[in-house]
Amino acid sequence: MSLLQSTQFRPDPSANATRRAWIRAWPELQNPAAWLVALILVIMPLIANGFFLIEIFATTLILGIIALSLMFLAGYGGMVSLMQLTIAGFAGYMVAVFGISGNANISLGWPWWLATPMALALATLFGTLGGALAVRTEGIYTIMITLAIGAAFYYFTNQNWAIFNGHTGINTVATPQFWGVDWRSDIAFYYVTLGVAAICYFAVQYVSRAPFGLALQGVRDNSRRMAALGFNPNAHRIAAYAFAAFIAALGGVLQVWNYRQISPGSVSVGACIDVLIIAVVGGITRPIGPFIGALIFVLLRTFALDVLIKFGLDGNRFRLLIGLGFLAIVFWSSDGVIGLWERWRRNASPTQRPGGGRHG
Amino acid sequence: MDSVAQRLSVVGAGAALELRGVTRLFGALAALTDVTITVRPGERRAVLGSNGAGKTTLFNCITGDFPPSSGTIRFFGEDITQFPPYERIRRGLRRTYQISALFPGLTVQDNVYLACRGVSRGRFSLLRPGQNDALMHATETLVQAVHLAGVKDQRVAELAHGQQRQLEIALALAGAPRFILFDEPAAGLSPTERRELIEILTSLPAHIGYIIIEHDMDVALRVVESVTMMHNGRIFKEGLPREIESDPEVQELYLGGGHE
């Protein structure tokens, strides 16, 4: 490497370089809109009533976490996995099976602080094994394999009574209560989901610039070249599935605490595809996308019914609205709402350096 | 067969790279037939031949991108024939690609950083490199060495062709290479960029050997000490640059064949 040192070296003003590296690593901290959104989210319980807190915002955050795990795989790894909701549902089932529920014949009655780590560990293992299967394929075959895993799990829960209690599922799942707080009460639960969502969001953001995340993006862009640089691409892909599975599992635990029950309907193929829609509508190039997509999805699911009825249409057609919205966004912006937003901003301020938009 | 030296010479420990009877079939087509090559450590060699002579296939067999159908490949004495590409790279083998194989979605700096990380520990690290990370310094140095410091924060997709070729070389120089395969590094470069390339190649530390595939004789014969001529997937001739240049058969096959 002596040659390399011999070439002329013009150092940057180092303080400036540090500052730029910092901005590049945490773009949110430079963005006043992000601070505003964070503030609103923190003081939300002062603004919103229990219905909005839980049915809209907590639900959005939970779906956002699950879709975030797909965003991580698809955006950084180029792997579209349809089994992320299945992993979340598996974690939810494990919370119900190991913890306390109304189905005493099934639940083992472990305290939440034992049942939850167990559920997270098993769901991560489940996702990793599924990933190890899926990485043998690419593109559309990855979608097919993960969809097959999702569908198989759905039918299995329907037919297995010993653990999953068949189509009735497991009801009245106990939620954590300690330090004199019922953590499933509206405000406490909202903060729990907000905290977990924030941790997941920043973890994904952070890892995307760490060696593991960079290598994953390298595998996405050119896996053959990654092998020619000394990386084992499939090992990286499987590790990405494990990381994403853990995030999805966190979402699944929150989801079962939210609804206090879990049944095959929670892990149906339709629900798996909803997660894909959420991620794609929001945009899979940045971790904020899935949360935006989840908010749009939850708002439509909750209010489209009333709006449709107001216009004299059948309220059950709300999925039609989601589908049309999905179509429109995919048609006009391949990277979702985020892509639309970035293009709009770029047009609004033409001085901005082009290409700075794409994260990573 | 008793002395260590004898045994070592049998397994080819003295050679940086030793191919024995390497054959690669694509269906019924033999892209390489019975190729036997020995390259000393630090040796610089050109592989010449017309299109379809099997030069790039040879590289792909050596790096394991496509493993050979038969034959053995030894790298500094170790049989690497069955190794996946990344195991070969971790042992000090490097290559560049004829058509730039970079990571267009990442910045120049991230590309080089990945190359440095790929041949060191912590490939799965979840922790971002700090300001004093040794690999970050190695990355900076490499980026400077290939004259890309000015564009290090740009995405590779935005780079000019010549810059992408330079980055391609930087990726192969990461870590501690022992032997490098350059696949037409001068393709599409301007005369100035070619001079820079020759400068980089000739100033590589003496212990780093390489094989270079290059159609441009001015580049190829200036940076090597030996030449292997390939034709139809076979070794056609081996020799010193001037021998090959003046060989009538070679002239007919290659130099006179209208190839540049």
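Predicted model, so just to flag it, every value in this text is computed and none were measured.

It is worth spelling out the overall build of chain A at this point. Each helix and strand in chain A was counted, giving 15 helices and two strands. Residue burial in chain A is summarised as follows: out of 360 residues, 50% are buried. Relative to all contacts within chain A whose residues are 6 or more apart in sequence, the contacts with residues 24 or more apart total 74%. When the accessible surface of chain A is summed, it comes to about 16,400 Å², and 68% of that surface belongs to carbon and sulfur atoms.

So, on to the overall build of chain B. When its secondary structure is counted, chain B shows 10 helices and 10 strands. Taking 260 residues into account, the globule formula puts the C-alpha radius of gyration at 18 Å, and chain B, at 19 Å, falls close to it. Across its three principal axes, chain B shows a C-alpha extent of roughly 55 × 50 × 40 Å. Out of the 260 residues in chain B, the part that is buried amounts to 55%. Residue pairs at least 24 apart in sequence account for 65% of intrachain contacts in chain B once pairs closer than 6 positions are excluded. Carbon and sulfur atoms provide 53% of the accessible area of chain B, an area that totals close to 10,700 Å². Between the centroid of the 27 positive side chains of chain B and the centroid of its 30 negative side chains there is a distance of 7 Å.

All names here are of chain A. Taking 1.5 Å of rise per residue, the 13 residues of helix H15 (residues 336-348) would be expected to cover 18 Å, and the 19 Å separating its terminal C-alpha atoms lies within 8% of that figure. Residues of H15 that are buried: Gly336, Ile338, Gly339 and Glu342. One side of H15 carries all its buried residues, which in axial view fall inside an arc of 105°. Seen from the open side of H15, the exposed residues pointing more than 90 degrees away from its buried face are Trp344, Asn347 and Ala348. Elements in contact with the buried residues of H15: helix H12 (269-282), helix H13 (288-310) and helix H14 (318-332).

Another point: the sheet that holds strand E6 (residues 93-95) of chain B. All names here are of chain B. Ordered in space as E6-E7-E8-E3-E9-E10, the six strands form an open sheet in which the pairing is mixed. Each end of this open sheet is capped by a strand with a single partner; those strands are E6 and strand E10 (234-239). Each adjacent strand pair in this sheet contributes to an overall mean axis angle of 20°, direction not counted. The pairing of strand E7 (residues 179-183) with strand E8 (residues 209-213) spans five bridges and is parallel. Opposite Asp183, over in E8, you have Ile213 as the bridge partner.

Residue and element names in this part refer to chain A. Taking 1.5 Å as the rise per residue, helix H11 (residues 233-259) with 27 residues should run 39 Å; its terminal C-alpha atoms sit 39 Å apart, in good agreement. Among the 27 residues that make up H11, 20 are buried, leaving the element largely enclosed by the rest of the structure. Arg260 sits one or two positions beyond H11 and adopts a positive phi of about 60°.

In this section: the domain arrangement of chain B. Residues and elements named next belong to chain B. Taken domain by domain, chain B comprises domain 1 (1-92 + 177-260) and domain 2 (103-175). The distance between the C-alpha centroids of domain 1 and domain 2 comes to 26 Å. The partner domain 2 presents 15 residues to the 16 residues of domain 1 that form the contact. Interface area for domain 1 against domain 2, summed over the two sides, is near 1,100 Å², with a carbon-plus-sulfur share of 64%. On inspection of domain 1 and its partner domain 2, the count reaches zero salt bridges. Counting across the interface, domain 1 meets domain 2 through three residue pairs in polar contact (both at pLDDT 80 or more). Of all elements in the fold, only helix H3 (85-90), E7 and helix H7 (191-202) reach the threshold of two or more residues within the side of domain 1 that touches domain 2. Here the side of domain 1 that touches domain 2 gets four residues from one element, more than from any other, and that element is H7.

How each quantity is defined
- Residues numbered from 1 in each chain as written.
- Chains lettered and ligands numbered in written order.
- Predicted model: local features only at pLDDT ≥ 70, side-chain atom pairs only at ≥ 80, totals over all residues.
- Heavy atoms only, no water.
- Helix = DSSP H or I, 4+ residues; strand = E, 2+ residues; numbered from the N terminus.
- Buried < 20%, exposed > 50% of the residue type's maximum accessible area, 1.4 Å probe, protein only.
- Contact = heavy atoms within 4.5 Å.
- Areas by Shrake-Rupley, 256 points an atom, 1.4 Å probe, with all protein chains shown as cover.
- Rg over C-alpha atoms; globule rule 2.2 N^0.38 Å.
- Lys, Arg positive; Asp, Glu negative; His and termini not counted.
- Charge placed at Lys NZ, Arg CZ, Asp CG, Glu CD.
- Expected span 1.5 Å × (residues − 1).
- Arc of directions from axis to C-beta.
- Pairing = 2+ DSSP bridges.
- Axes fitted to C-alpha atoms, helices over the stretch in contact; angles between N-to-C directions.
- Domains from an automatic or database assignment.
- Buried area = accessible area lost by both parts, 1.4 Å probe.
- Salt bridge = Lys/Arg side-chain N within 4 Å of Asp/Glu carboxyl O.
- Polar contact = N/O pair within 3.5 Å; in protein donor to acceptor, adjacent residues only side chain to side chain.

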